[in-house]
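The primary structure of each chain is shown beneath.
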Amino acid sequence: MVGPILEVVDVHFAYPDGTQALAGMSLTIERGSKVVFLGPNGAGKTTLFLQLNGILRPSQGVVRFDGNDLRYDRRSLMELRKNVGIVFQDPDSQIFSASVLQDISFGPFNLGMSEEEVRGRVQGALAAVGIESIADRPTHFLSLGQKKRVAIAGVLAMEPQVIIFDEPTSSLDPKTAKQLLILLDDISRDGKTVVISTHDVDIAYSWADRVYVLESGRVADAGTPQEIFLDEAMLERVDLTQPWIVDVWRELRDNGYLPPNALLPRTKSALLALIRSRLCHSFRITDLVSERAAINERG
Ligand SMILES: Nc1ncnc2c1ncn2[C@@H]1O[C@H](COP(=O)(O)OP(=O)(O)OP(=O)(O)O)[C@@H](O)[C@H]1O
Ligand SMILES: [Mg+2]
């Protein structure tokens, strides 16, 4: 089913100390899409996410899930949180239980499931994030990457329709970050809507279906990754750099190595394929060297 799963309509929000964090934010998240939020520190990404699952409530404007305005009574919020899960940036603010198994079981138990159902959910979530081997470990001594996986498994076990990740790859080593992006793709292929915030423009460019750029509590720009990252004036205004793929592509195109109408590739492998296709008509140095070697051998 297509159509919006979450809508934010002219939402304003100020924290109790008076800080205006959202100042008329409007946006739509399509069901089943992969959405990235970019924007400088303090732009309002985390505050927006807390609005999407009802932890915070707009002082003006509305948030809708599945076409219905959010309601903030206990029951409605429990129902909403079954469907919209958040993985916080810091796993320590998400993991409460002493052991990994306990922590992941907590949500499903709270939904009132039988022990057998909970066990099924937990096993599924452990397998999805690849942490079966640490299921019995105390949460306290896990590495940051392991804690992140436990936090993700806890949300997956609830089987929400939307999963929001606040800066999922920050403070992870490159290999763990790459594995996490593969996991996000798996979750998306499973039909879920996946929303992330990041400061990494390369991730935003290659991974997203749609990119939102936030600035001072508002949407500064929205579009496909190509639309967003070809808008140099906007990028400069909000202090965002270009993804390296766009940089290299532009350099090659502007210097005549690619035709003016060459399509902008999304991934490293697509860019390399494009370069290879342009080079196939020219000679390769290695061919020349092996030809020379053959001539030398013959004569
Ligand atoms: N609990 C709070 N009390 C008061 N002000 C807050 C609180 N949390 C956030 N803010 C303020 O609200 C604004 C938006 O902050 P928010 O955390 O949503 O930004 P962000 O885009 O997630 O930034 P970052 O990239 O640093 O995570 C900032 O001005 C911030 O200082
Ligand atoms: Mg934040």
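Residues numbered from 1 in each chain as written. Chains lettered and ligands numbered in written order. Predicted model: local features only at pLDDT ≥ 70, side-chain atom pairs only at ≥ 80, totals over all residues. Heavy atoms only, no water.

1. Quick notes on the overall build of the protein
Short version of the rule: Only DSSP runs of H or I covering at least 4 residues are called helices, and only runs of E covering at least 2 are called strands; the numbering of each starts at the N terminus. We call a residue buried when its accessible area falls under 20% of the maximum for its residue type, exposed when it is over 50%, and partly exposed in between, using a 1.4 Å probe and counting protein chains only. Residues count as neighbours in contact if any of their non-hydrogen atoms are within 4.5 Å of one another. For accessible areas, the Shrake-Rupley method is used with a probe of radius 1.4 Å. Any residue's cover is judged against the shown protein chains and nothing else.
Counting its secondary structure elements, the protein contains twelve helices and ten strands. C-alpha atoms of the protein, sized along the principal axes, occupy 85 × 45 × 35 Å. Classification of the 299 residues of the protein by burial places 45% in the buried group. Intrachain contacts of the protein at a sequence separation of at least 6 include 61% that bridge at least 24 residues. Only carbon and sulfur atoms are counted for the fraction: they give 52% of the accessible area of the protein, which is about 16000 Å².

2. Re the environment of Glu132
Mapped onto the elements of the fold, Glu132 is located in the loop between α4 (115-129) and α5 (144-156). In the structure, Glu132 is positioned 55 residues away from Ile187 in sequence and 18 Å away in space, judged by C-alpha atoms.

3. Looking at the site of ligand 1
For clarity, the threshold we go by: One heavy atom within 4 Å of a molecule or strand makes the whole residue count as near it. Residues adjacent in sequence count toward polar contacts only when both atoms are side-chain atoms; beyond that, a polar contact is any pair of N or O atoms within 3.5 Å, and within protein one must be able to donate a hydrogen and the other to accept it. Under this grouping Gly is polar, as are all residues other than the nonpolar Ala, Val, Leu, Ile, Met, Phe, Trp, Tyr, Cys and Pro and the charged Asp, Glu, Lys and Arg.
Near ligand 1 there are 14 residues, and of these Asn41, Gly42, Lys45, Thr46 and Thr47 occur at the shortest range. Between an oxygen atom of ligand 1 and a side-chain N or O atom of Lys45, the distance comes to 2.8 Å. Broken down by element, the residue count for the shell around ligand 1 peaks at three residues, all from helix α1 (residues 45-52). Its residues placed into classes, the shell around ligand 1 shows four nonpolar, seven polar and three charged.

4. Focus on helix α6 (residues 174-189)
Cut-off, in case you're wondering: Here, expected helix span is obtained from the residue count minus one, scaled by 1.5 Å. Each C-beta atom gives one direction from the helix axis, and the arc is the one those directions make.
Compared with the 22 Å implied by 1.5 Å per residue over 16 residues, the 23 Å span of α6 between its first and last C-alpha is a close match. Thr176, Ala177, Leu180, Leu183, Leu184, Ile187 and Ser188 are the residues of α6 that are buried. All buried residues of α6 project into a common sector of 140° when viewed along the axis, lining one side. Facing away from the buried side of α6 by more than 90 degrees, the exposed set consists of Pro174, Lys175, Lys178 and Arg189. Where α6 is buried, its residues meet β3 (34-38), α4, α5, β7 (162-166), β8 (193-197) and α7 (201-207).

5. Details of the pattern of salt bridges
Selection rule: Criterion for a salt bridge: a side-chain nitrogen of Lys or Arg within 4 Å of a carboxyl oxygen of Asp or Glu.
A full pass over the atoms with the stated rule returns 13 salt bridges. Salt-bridge contacts for Glu115 lead to Arg119; the nearest nitrogen and oxygen are separated by 3.7 Å. Highlighted residues: Glu115 and Arg119, both in helix α4, separated by four residues, approximately one helical turn. The exposed category is assigned to Glu115, whose relative accessible area is 54%. Residue classification places Arg119 among the partly exposed positions, given a relative accessible area of 48%. Three or more residues joined by partner-sharing salt bridges are found here, namely Glu7, Arg64 and Asp69.

6. Quick look at the pairing of strand β2 (residues 20-30)
This is how the line gets drawn: Note on pairing: DSSP must find at least two bridges between two strands before they are called paired.
Alignment of strand β1 (residues 4-14) against β2, held across eight bridges, turns out to be antiparallel. Residue pairing for β2: Val8 is matched across the bridge by Leu27. Between β1 and β2, which pair antiparallel in sequence order, lie five residues; one of them, Gly18, sits at a positive phi of approximately 100°.

7. Structural notes on the nonpolar core
Side chains of nonpolar character tend, in soluble globular proteins, to be buried together. Rule in force here: Remark: nonpolar core denotes a set of buried residues (Ala, Val, Leu, Ile, Met, Phe, Trp, Tyr, Cys) joined through side-chain atoms within 4.5 Å. These domain limits were set by an automatic method or by a database of domain assignments.
In terms of nonpolar packing, the biggest core is built from 54 residues, with Ile104, Ile131, Phe165 and Phe229 touching the most fellow members. Sorting elements by how many residues they give to this core places α5 first, with six residues. Per-domain counts for this core show at least three residues from each of domain 1 (4-241) and domain 2 (252-298). Those residues in contact with Ile104, other than ones at most four positions away along the chain, are Val122, Ala125, Leu126, Ile131, Val150, Ala153, Gly154 and Ala157. Within the second largest apolar cluster, 30 residues are counted, among which are Leu6, Met25, Phe49 and Leu52.

8. With respect to the sheet that holds β8
This is how the line gets drawn: Only C-alpha atoms enter the line fits that serve as axes; for helices the fit covers just the stretch in contact. Angles between N-to-C directions range over 0 to 180 degrees.
Pairing is mixed across the open sheet formed by six strands, whose spatial order is β6-β7-β8-β3-β9-β10. With one partner strand each, in any of the chains shown, β6 (84-87) and β10 (218-223) form the two edges of the open sheet. Neighbour-to-neighbour, the strand axes of this sheet turn through a mean angle of 20°, independent of strand direction. Relative to β7, β6 is paired through four bridges, and the arrangement is parallel. Looking across to β7, one finds that Gly85 is bridged to Ile163. In this fold α5 packs onto β6 and β7, with an angle of close to 175° to the strand it touches most, β6. Of the strands in this sheet, β3, β7 and β8 touch α6, which is tilted by about 150° from β8.

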